Amino acid sequence: MTDQSAPALKEIFNVERLQHIAAEMTAVYPTFDAKGFLKHAQAGLAQLSVMQRMARVSESLHAVIALDYPQTLKRLYALAPRLNSGFVSLFLPHFVASYGQGDFKRSMDALKYFTTFGSAEFGIRHFLLHDCQRTLAVMQTWSLDDNEHVRRLASEGSRPRLPWSFRLGEIQANPELCASILDNLKADPSLYVRKSVANHLNDITKDHPDWVLTLIEGWSLDNPHTAWIARHALRSLIKQGNTRALTIMGAGARAEVKLHGLSVTPAVINLGQRIELSFSLESTASTAQKLVVDYAIDYVKSAGHSAKKVFKLKAFTLGAGEHHRLKREQHIRELTTRKHYPGRHVVHVLVNGEKLGSAEFELRA
C-alpha cells in the first residue's frame, strides 16, 4: 500500500498505542521485553504508513519474544481481548500470516479467533496466495459459522481486489473458486456480511461481468437480503448502463419520462465549493415503472480532455403520470483518487442507463 493515508489514520499506531500494546502484553506475559519491543517498534515510526506501522508491531513482537509459534499464539490469544482498538488488532493476523505458514491448522484457528476482534481479511490472503484450494476449503466452512465476523472473513478475505491488499490472481482469473462461499452468504441476515458479499461480487464484475450477471439471474430476489446484495453488487454495471444488470433490478426497459428543470448551481465555482444538481422527472407511462437514476460528471483532465465519473442517485418506482423531484449536492474538492482541473464540466442525468439531459458548471483556476 502506498502512503496515501491521512495523518489521523497513521496515528492509530502512535507511541501511546505502542505503549498500550506493550503494557497489555506484559499483563498476559510478565517476562515480556516491553523495552525492547518499544525500541524496535518506534524506530523510524514517523516515516511509516498505517499498514507499515501495523506490520512493524507484528515484527517487533516476533523480534523480542523468545518462544515458539504455538506458545507465542497462546499469549496473543490472551492479548486480543485487551486491545483498545479493533483496527489495531490487525497486527495479530499479520503475525499469523508472517510466522505461521508452516502450521496451517493452528494458523487457520488463530485467524478465525482473531477476526472476531477486528478482521483477519489481510492475513488470510497470504495463505490463499500460497495454498489457495486448501485455504478456500476452510473458508467455505467459515461461511456457515454462527459468528458474523467469521462469515464475513470468508467473503472479504477472498475478494479478488480487496483494497489495501494485493490481488488474488487465481481467484481473479476463476471466480468459480468462491462460488460456494458466495452462495452460502447470499441471504445472510447480517448487513456486515452482506456488504462484503456485494463488494466481492462487484470486484468480480471488473473482470467477469457475465459470470456475476448469470449468478444473480439464478437467485430469487424475493428475499430482501438477497435483493440488497444484488443491487449493491451490480452498482458498477448499472452505472455503465448494462442492460442485463438494469433488467435484474427491474429497470431494463427504456424509461417513459420527461426531464424538467435541470440545473446545476452555482454556474461558476472555486475548488472546494459545492454544486447542487436538481431536476424533476414526469412519467409519461400508463403504468408504474421502476427507475434507476444516476448522474455523471465529465471531469476536465490535465491534458484538456474529459473523463466521465458516474454517481448513483436514486432507484424508485414512479407511478403513472407522477412527478418526482430530485436534488443532490456534490463537493468539488481534491481527493487522493481525483485531481481537479479548471474548465467547463458537464453533468449528465442518466435514467435506466439512458442520458436524458445535461447541464454544466465552470471550475475556476
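About the cut-offs
- Residues numbered from 1 in each chain as written.
- Predicted model: local features only at pLDDT ≥ 70, side-chain atom pairs only at ≥ 80, totals over all residues.
- Heavy atoms only, no water.
- Core = buried A, V, L, I, M, F, W, Y, C linked by side-chain atoms within 4.5 Å.
- Buried < 20%, exposed > 50% of the residue type's maximum accessible area, 1.4 Å probe, protein only.
- Contact = heavy atoms within 4.5 Å.
- Pairing = 2+ DSSP bridges.
- Helix = DSSP H or I, 4+ residues; strand = E, 2+ residues; numbered from the N terminus.
- Axes fitted to C-alpha atoms, helices over the stretch in contact; angles between N-to-C directions.
- Arc of directions from axis to C-beta.
- Polar contact = N/O pair within 3.5 Å; in protein donor to acceptor, adjacent residues only side chain to side chain.
- Domains from an automatic or database assignment.
- Buried area = accessible area lost by both parts, 1.4 Å probe.
- Salt bridge = Lys/Arg side-chain N within 4 Å of Asp/Glu carboxyl O.
- Nonpolar A, V, L, I, M, F, W, Y, C, P; charged D, E, K, R; others polar.

Asks: Explanation requested: the nonpolar core in the structure shown.
Replies: The tendency in soluble globular proteins is for nonpolar side chains to be buried as a group. Ranked by size, the top nonpolar core spans 79 residues in total, and within it Leu61, Phe91, Trp142 and Leu234 carry the most contacts. Filtering out sequence-adjacent residues up to four positions away, Trp142 remains in contact with Met108, Leu111, Lys112, Ile124, Val150, Arg151, Leu153 and Ala154.

Asks: Can you help me understand the pairing of strand S5 (residues 306–318) in this one?
Replies: Side-chain positions along a regular strand alternate between the two faces of the sheet. Where strand S4 (residues 289–300) meets S5, 12 bridges bridge the pair, whose relative direction is antiparallel. Counterpart to Lys290 in the pairing with S5 is Thr317. Hairpin connection from S4 to S5: five residues lie between these consecutive antiparallel strands, with Gly304 at a positive phi of about 100 degrees.

Asks: What should I look at first to understand the sheet that holds strand S6 (residues 323–331) in this one?
Replies: Working definition: the strands of a sheet are paired by backbone hydrogen bonds and lie parallel or antiparallel to each other. On the basis of which strands lie adjacent, the open sheet formed by three strands has the order S1-S3-S6 and antiparallel pairing. For this open sheet the edge positions go to strand S1 (257–265) and S6, each flanked by a neighbour on one side alone. Across the sheet, the mean angle from the axis of one strand to that of its neighbour is 15 degrees, orientation sign disregarded.

Asks: Would you take a moment to explain helix H14 (residues 209–217) for this structure?
Replies: Each α-helix winds once per 3.6 residues, and so residues spaced three or four apart point in a common direction. Turning to H14, its buried residues number three or more, namely Val212, Leu213 and Ile216. Along the axis of H14, the buried positions cluster into a sector of 100 degrees, meaning they face one direction only. On its buried side, H14 packs onto helix H13 (191–205), helix H15 (224–233), helix H16 (235–239) and helix H17 (243–248).

Asks: Looking at this model, I keep getting lost on the side chain of Glu156. Mind explaining?
Replies: Mapped onto the elements, Glu156 comes out in helix H10 (residues 148–156). Residue Glu156 is classed as buried on the basis of its relative accessible area of 5%. Side chain to side chain, Glu156 and Arg159 meet in a polar contact 3.1 Å long. When neighbours within four sequence positions are excluded, Glu156 is seen to be in contact with Glu121, Arg125, Leu162 and Ser196.

Asks: Would you mind showing me how to read the domain arrangement of the protein chain here?
Replies: Many authors give the size of an interface as the accessible area that is lost as the parts come together. Structurally, the protein chain comprises domain 1 (9–249) and domain 2 (257–363). Relative placement of domain 1 and domain 2: their C-alpha centres are 36 Å apart. Taken residue by residue, the interface counts six residues in domain 1 and eight residues in domain 2. Here domain 1 packs against domain 2, burying approximately 630 Å² in sum over the two surfaces, 66% of which is carbon and sulfur. In terms of surface lost to domain 2, no three residues of domain 1 exceed Lys239, Leu246 and Met249, which account for 70% of the buried area on that side. Across the domain 1-domain 2 interface, the total number found is zero salt bridges. The interface formed by domain 1 and domain 2 holds two residue pairs in polar contact (both at pLDDT 80 or more) in total. Of the residues forming the side of domain 1 that touches domain 2, the biggest block, three residues, is contributed by H16. Looking at the side of domain 1 that touches domain 2 residue by residue, the class counts come to three nonpolar, one polar and two charged.

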